[in-house]
Protein chains: 2
Amino acid sequence: MSRRPLTIGRLASAAGVNLETVRYYERIKLMPPPARTASGHRAYEEGHIRRLAFIRRARELGFSIEQIRTLLALAEPTRASCAEVQEVAQTHLDEVRAKLADLAKLERILAETVARCSGDPAPSCPVLDILTTQKRA
Amino acid sequence: MSRRPLTIGRLASAAGVNLETVRYYERIKLMPPPARTASGHRAYEEGHIRRLAFIRRARELGFSIEQIRTLLALAEPTRASCAEVQEVAQTHLDEVRAKLADLAKLERILAETVARCSGDPAPSCPVLDILTTQKRA
DNA sequence: CCTGCACCCCGTAGCGGCTACGGGTGCAAG
DNA sequence: CTTGCACCCGTAGCCGCTACGGGGTGCAGG
């Protein structure tokens, strides 16, 4: 119920997004071009906050810009289909799981290797050993 | 024990790295500029393979280019100090663990949400709900 | 000897998803 | 009236490559 004009700065902080990012989203047509004041300043409405907040939460959940484009289209009131949304989300979940597995493997190797470090100013080091060892994927 | 000249293509495949990436590493001074044949082709030596393979393994372990620069300096035979190497690796391990934790949280939220999808062409969808819900970090 | 082809040369632009910079207006409070 | 912030715009930079285009080189087969 704010009466102040919805400038880009206010929109950005209302949605918890960087101001420059809002302009970027407009450039790549993720956000629609808003109305302008006589002097050319952007004038947003409540709906823009909701859209931007949606985008922000989707980004936090790691969805790509293109996936968000799809989700936004599917989120249109007339259009919503849980099955189609589920497909996008499942694809993303699969990608997240793949990255997670990779990162976990990495963590294990690094943790084991670092743990074997003496911490001495010695010339032999397990970390360098693992990087120098001839092993091919 | 190969007698064939070590061209960039051979070096790249010996170390398991893309050819363009080798030239990129040279541009950013991660690989030293090699000797050249009369016609200007790069002529590498065995040492270059070892250095490039080191870089590749470090990249696979997720070290940044700048971290690798440091590791390569510390790996110099005269220079090696396990304590200093350990510090770089520990920093990287901390970063990996932070990403891992974030990604795990993400995975849980996505998995839970997707699991609640009906799969119907219904207008209500848990995935859209979570993106539309007003919650601020 | 000539042709064809793989390999090499170089510089530059593109990817994703922003972020920063620079130089210019608009506008409101003190 | 002046200060100073918020906004305007276009462009370049970040990381770590990858791709593209338009050439030149080197070697094997015919």
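Quick caveat: nothing in here was measured; it's all calculated off a predicted structure.

Draft legend 1. Up close: the overall build of chain A. Scanning chain A from N- to C-terminus turns up 6 helices and 2 strands. When the helices and strands of chain A are read in sequence order from the N terminus, they spell out α-α-β-β-α-α-α-α. Computed over the C-alpha atoms, the radius of gyration of chain A is 23 Å, more than 25% above the 14 Å expected from 2.2 N^0.38 for a compact globule of 137 residues. Along the first, second and third principal axes, the C-alpha atoms of chain A reach 70 × 40 × 25 Å. Within chain A, the proportion of its 137 residues that are buried is 39%. When the accessible area of chain A is evaluated, it comes to approximately 8000 Å², of which 54% is carbon and sulfur surface. Placing the 22 positive and 16 negative side-chain charges of chain A at their respective mean positions leaves the two points 7 Å apart.

Draft legend 2. Region of interest: the interface of chain A and chain B. Taken together, the 57 residues of chain A in the interface contact 57 residues of chain B. Overall, the association of chain A and chain B removes approximately 4600 Å² of surface from exposure, summing both partners, and the carbon and sulfur fraction of that is 70%. A per-residue breakdown of the area chain A buries against chain B is headed by A:Arg57, A:Cys82 and A:Leu131, which together make up 16% of the total. Linking chain A with chain B are 2 salt bridges, by the criterion used here. At the surface where chain A touches chain B, the tally comes to 6 residue pairs in polar contact (both at pLDDT 80 or more).

Draft legend 3. Region of interest: the relation of the copies chain A and chain B. When chain A is fitted onto chain B, the two copies agree to an RMSD of 0.1 Å after a turn of 180° and an axial shift of 0.0 Å. What the superposition gives is, in effect, a two-fold axis relating one chain to the other. Relative to the rotation axis, the closest C-alpha in chain A is found at A:Leu100, a distance of 3.3 Å. Of the residues that chain A buries at the interface, 100% are likewise interface residues in chain B, meaning the two copies contact each other through the same surface.

Draft legend 4. Here's a closer look at the protein's contact with DNA strand C. The full set close to DNA strand C counts 20 residues, and A:Tyr25, A:Arg59, B:Thr7, B:Gly9 and B:Arg42 are the nearest of them. Contact between DNA strand C and A:Ile65: a phosphate oxygen at 3.4 Å from a main-chain N or O atom of the residue. Note that a base oxygen of DNA strand C is positioned 3.3 Å from one of the side-chain N or O atoms of B:Arg23. Where the surface near DNA strand C is concerned, the elements lending two or more residues are α2 (19-27) of chain A together with α1 (8-15) and α2 (19-27) of chain B. Residue contributions to the surface near DNA strand C peak at 5 residues, all from α2(A). Among the residues forming the surface near DNA strand C, the class breakdown is 5 nonpolar, 9 polar and 6 charged.

Quick notes on the rules
- Residues numbered from 1 in each chain as written.
- Chains lettered and ligands numbered in written order.
- Predicted model: local features only at pLDDT ≥ 70, side-chain atom pairs only at ≥ 80, totals over all residues.
- Heavy atoms only, no water.
- Helix = DSSP H or I, 4+ residues; strand = E, 2+ residues; numbered from the N terminus.
- Rg over C-alpha atoms; globule rule 2.2 N^0.38 Å.
- Buried < 20%, exposed > 50% of the residue type's maximum accessible area, 1.4 Å probe, protein only.
- Areas by Shrake-Rupley, 256 points an atom, 1.4 Å probe, with all protein chains shown as cover.
- Lys, Arg positive; Asp, Glu negative; His and termini not counted.
- Charge placed at Lys NZ, Arg CZ, Asp CG, Glu CD.
- Contact = heavy atoms within 4.5 Å.
- Buried area = accessible area lost by both parts, 1.4 Å probe.
- Salt bridge = Lys/Arg side-chain N within 4 Å of Asp/Glu carboxyl O.
- Polar contact = N/O pair within 3.5 Å; in protein donor to acceptor, adjacent residues only side chain to side chain.
- Least-squares fit on C-alpha atoms with pLDDT ≥ 70 in both.
- Near = heavy atom within 4 Å.
- Nonpolar A, V, L, I, M, F, W, Y, C, P; charged D, E, K, R; others polar.

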